[in-house]
Amino acid sequence: QVLSKHLTDTEVIVVEAAAEALRRLRDSGAIAGKVLEDEAKEGASRLLSSEWLSRWAACVCLGALGSAALPYIQDLQARMQDEDENRIVHDAAKVSLNRLQVVQRHENIFDRSLERLQTHVPSIAYQVPSFQRVFSPE
């Protein structure tokens, strides 16, 4: 909760550090992925703020959250393509978009590698011998 509060800050260095810390906590299994997904959703909503500092921080936040922010790539593209957007916000959107595209490529490569591995590894069947107890009357 403490880190999440910093994601709405307008000090971009604080936002980025908090988002990266949350991502590391998720990667280590200390927090659920849902936490980052919720924060990414909130960050994406701030991309439409009337204040450019908030939009700037939101761009940086999304880039630092990594894979949880992948559903919002189009929102970052919209910030980048908006000709009326502040140049700093535009540049932050571009950097974050590049970061997320790298994450997306790595996930796609991992998924394809996993698929290939699963299709090429032969199934191993284990046979368990059946044991019968023989009773003989005495």
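- For the chain, an unreviewed UniProt entry supplies the name Tubulin-specific chaperone D and the organism Durusdinium trenchii.

Some points on the overall build of the chain
- Helix and strand counts for the chain come out as six helices and zero strands.
- Ordered by position from N to C terminus, the α and β elements of the chain give α-α-α-α-α-α.
- Counting across all 138 residues of the chain, residues that qualify as buried make up 32%.
- Considering only residue pairs separated by 6 or more positions, the chain has 60% of its internal contacts joining residues 24 or more positions apart.
- Carbon and sulfur atoms make up 53% of the accessible area of the chain, which totals about 9,700 Å².

What about the environment of Gln81?
- As for its placement among the helices and strands, Gln81 is situated in helix H5 (residues 73-81).
- For the pair Gln81 and Ala93, spaced 12 residues apart in sequence, the C-alpha to C-alpha distance is 9.4 Å.

Describing the pattern of salt bridges
- Enumeration according to the criterion identifies 10 salt bridges in this entry.
- Here Asp27 ties to Arg26 by a salt bridge, and the two come within 2.9 Å at their closest N and O atoms.
- A relative accessible area of 53% places Asp27 in the exposed class.
- Here Arg79 ties to Glu85 by a salt bridge, and the two come within 2.3 Å at their closest N and O atoms. An identical accessibility class is assigned to Arg79 and Glu85; each is buried.
- Through salt bridges with shared partners, a single ionic network connects Glu16, Glu20, Arg24 and Arg99.

Thresholds, definitions, all that
Residues numbered from 1 in each chain as written. Predicted model: local features only at pLDDT ≥ 70, side-chain atom pairs only at ≥ 80, totals over all residues. Heavy atoms only, no water. Helix = DSSP H or I, 4+ residues; strand = E, 2+ residues; numbered from the N terminus. Buried < 20%, exposed > 50% of the residue type's maximum accessible area, 1.4 Å probe, protein only. Contact = heavy atoms within 4.5 Å. Areas by Shrake-Rupley, 256 points an atom, 1.4 Å probe, with all protein chains shown as cover. Salt bridge = Lys/Arg side-chain N within 4 Å of Asp/Glu carboxyl O.

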